[in-house]
Amino acid sequence: MNLSKKYIAFYILLAMALLCACKQNDPTSSKKETEQIGQVVPLVDSTIIKENGMILIPGGAFEQGAIPGDRMAMHHEKPSHRVTVNPFYMKATEVTNSEFQKFVATTGYRTVAERALDWQELRKQLPSGTPKPHDSLLQPGSLVFQKTQMPVTDFRDVSQWWVWTVGASWKHPHGPGSSIQGKENHPVVHIAYEDARAYCNWLGARLPTEAEWEYAARGGMATSTPYPWDATNKKLAVQANTWTGTFPINNDENDGYEGTAPVGSYPPNKFGLYDMSGNVWEWTNDWYHTQYYAELTKKAGPIDNPKGAATAFNPNNPYAKEKVIKGGSFLCNASYCASYRISARMANTLDSAQEHLGFRIVMEYNPKK
């Protein structure tokens, strides 16, 4: 690959993901909303709990992070550490297209992927001297997956299968001409952190902490189990929506789907939660910090209700602020991304949206005394 093409591939994947940060402020997105990130949500009405399919997750303790002997575990999943969480409500499924559509119809909200772009703001977040991309790229859009024509040998170059697509959004998940018709019960995708937060605020909900998410995904299973179902991935095709076949050139659909699947298509875990493994990545409220787990192990005893690192830090992406996402997606494959494991975690910029990224909500459990 010559220098020009290599630069374009890198830019589309990373810099264009940052473009969303430079989109003009939406009138429905306020400074107050930003300041409320991470606040404790008050007791919610039982009707809201029922209508949104919320399940009470009992409090408890567990070992967060990679289990001993997990050969697929990455460094940022280690070291494991003892954590306790209080009871909370979690939505049994990922938020669906129809649910998000109701939110948009009620509020008039526009997602980050649908808003105009501002190069002058974008350049502040990029290395000095980064040239301005062509105006054709400075349009509202998002990252869309595209199968390759040839087998891939270098899985580090993810621009081989991710394409910046002008016009891609939650309403047009594959770009212009596509729609969510017939996919009302599929998870909503192309959702940036701000979008997920706006939906949460509308309902009086919030995003889970990483510890809450991982505890819920475990479903009461033994800490030595890397998957939500048992200790092996032999049942993967019947337990989760992932990439079956040769990634990223051929998907044999052995699990029933090539892209997203309707929520609840696979067995729930023992807490009654669906798709905690695969289908789409899910936002958490925790900052991504590569040294956070190591810092926690310095503290004596279990960590009570951790809220994540105080600040974001990722030496591989120093110009962006990132949150932790969990659960893996329909693109996860053992040869590339085995993130259908409970401890798997990835970083995603606040303003970046992709075809395999959605969310689920949690609500406080505050029993009346």
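The rules we used
- Residues numbered from 1 in each chain as written.
- Predicted model: local features only at pLDDT ≥ 70, side-chain atom pairs only at ≥ 80, totals over all residues.
- Heavy atoms only, no water.
- Buried < 20%, exposed > 50% of the residue type's maximum accessible area, 1.4 Å probe, protein only.
- Helix = DSSP H or I, 4+ residues; strand = E, 2+ residues; numbered from the N terminus.
- Arc of directions from axis to C-beta.
- Contact = heavy atoms within 4.5 Å.
- Phe/Tyr/Trp six-rings, centres within 6.5 Å; stacked < 30°, edge-to-face > 60°.
- Pairing = 2+ DSSP bridges.
- Axes fitted to C-alpha atoms, helices over the stretch in contact; angles between N-to-C directions.
- pLDDT = per-residue confidence, 0-100.
- Parallel < 35°, antiparallel > 145°, perpendicular 65-115°, else oblique.
- Nonpolar A, V, L, I, M, F, W, Y, C, P; charged D, E, K, R; others polar.
- Salt bridge = Lys/Arg side-chain N within 4 Å of Asp/Glu carboxyl O.

On to helix 4 (residues 97-107), then. When we look at burial in helix 4, the residues that qualify are Asn 97, Phe 100, Phe 103 and Val 104. For helix 4, the buried positions fall inside an angular range of 125° around the axis, keeping them on one side. Facing away from the buried surface of helix 4 by more than 90 degrees, the exposed residues are Lys 102, Ala 105 and Thr 106. Buried residues in helix 4 make contact with helix 6 (193-203). Once helix 4 finishes, Gly 108 follows within two positions and takes phi at roughly 75°, a positive value.

Across all of its chains, the model carries 25 aromatic pairs by this definition. Centroid distance Phe 103 to Tyr 199: 5.4 Å. Interplanar angle 80°. Geometry classified as edge-to-face. With Phe 103 in helix 4 and Tyr 199 in helix 6, this residue pair connects regions lying 96 residues apart in the sequence. Their ring planes at 50° and their centres at 6.2 Å tell us that Tyr 292 and Tyr 293 sit as a pair that is tilted.

Spatial ordering of the open sheet is given by 12-11-9-13, a layout of four strands whose pairing is mixed. Looking at which strands have only one partner, the edges of the open sheet turn out to be strand 12 (345-349) and strand 13 (357-358). Across five bridges, strand 11 (residues 322-326) lies against strand 12 in antiparallel orientation. Across the sheet, the residue bridging to Lys 326 is Arg 345, located in strand 12. Sheet strands in contact with helix 6 are strand 9 (281-287) and strand 11, and its direction is about 90° off that of strand 9.

Taken together, the three strands give an open sheet; going across it, the order is 2-3-10, and neighbouring strands pair in mixed fashion. Of all strands in the sheet, those bounded by a partner on one side alone are strand 2 (60-64) and strand 10 (303-304). Bridge count between strand 2 and strand 3 (residues 81-85): five bridges; the pairing is antiparallel. Within the sheet, the bridge partner assigned to Glu 63 lies in strand 3 and is Arg 82. Here helix 7 (residues 210-218) sits on the sheet in contact with strand 2 and strand 3, set at roughly 100° to strand 2.

Right, let's talk about the confidence of the model for the chain for a bit. Detailed reading of the predicted model is not advised wherever pLDDT is low. When pLDDT is averaged along the chain, the result is 87, and 87% of the positions lie at 70 or above. Between residues 1-43, whose pLDDT stays under 50, and residues either more than four places distant or in other chains, the model counts 89 contacts.

Attention shifts here to the packing of helix 4 against helix 6. For the pair helix 4 and helix 6, the least separation of the axes is 11 Å and the interaxial angle reads 75°. Considering the angle they form, helix 4 stands roughly perpendicular to helix 6. Of the residues in helix 6, those touching helix 4 at Glu 99, Phe 100, Lys 102, Phe 103, Thr 106 and Thr 107 are Asp 195, Ala 198, Tyr 199 and Trp 202. Here the contact of helix 4 with helix 6 is composed, by residue class, of five nonpolar, two polar and three charged.

Another aspect to go through is the pattern of salt bridges. Within this structure, the stated rule accounts for 17 salt bridges. When the shortest N-O distance is used, the salt bridge between Glu 77 and Arg 341 registers 2.8 Å. On the criterion of sequence distance, the pair formed by Glu 77 in the loop between strand 2 and strand 3 and Arg 341 in the loop between strand 11 and strand 12 is long-range, its members being 264 residues apart. A relative accessible area of 2% means that Arg 341 is categorised as buried. Residue Arg 360 is joined to Glu 282 by a salt bridge in which the shortest nitrogen-to-oxygen separation is 2.8 Å. Taken together, the residues span a long stretch of sequence, with Arg 360 in the loop between strand 13 and strand 14 (362-364) and Glu 282 in strand 9 at a distance of 78 residues. Owing to a relative accessible area of 0%, Glu 282 belongs among the buried residues under this scheme.

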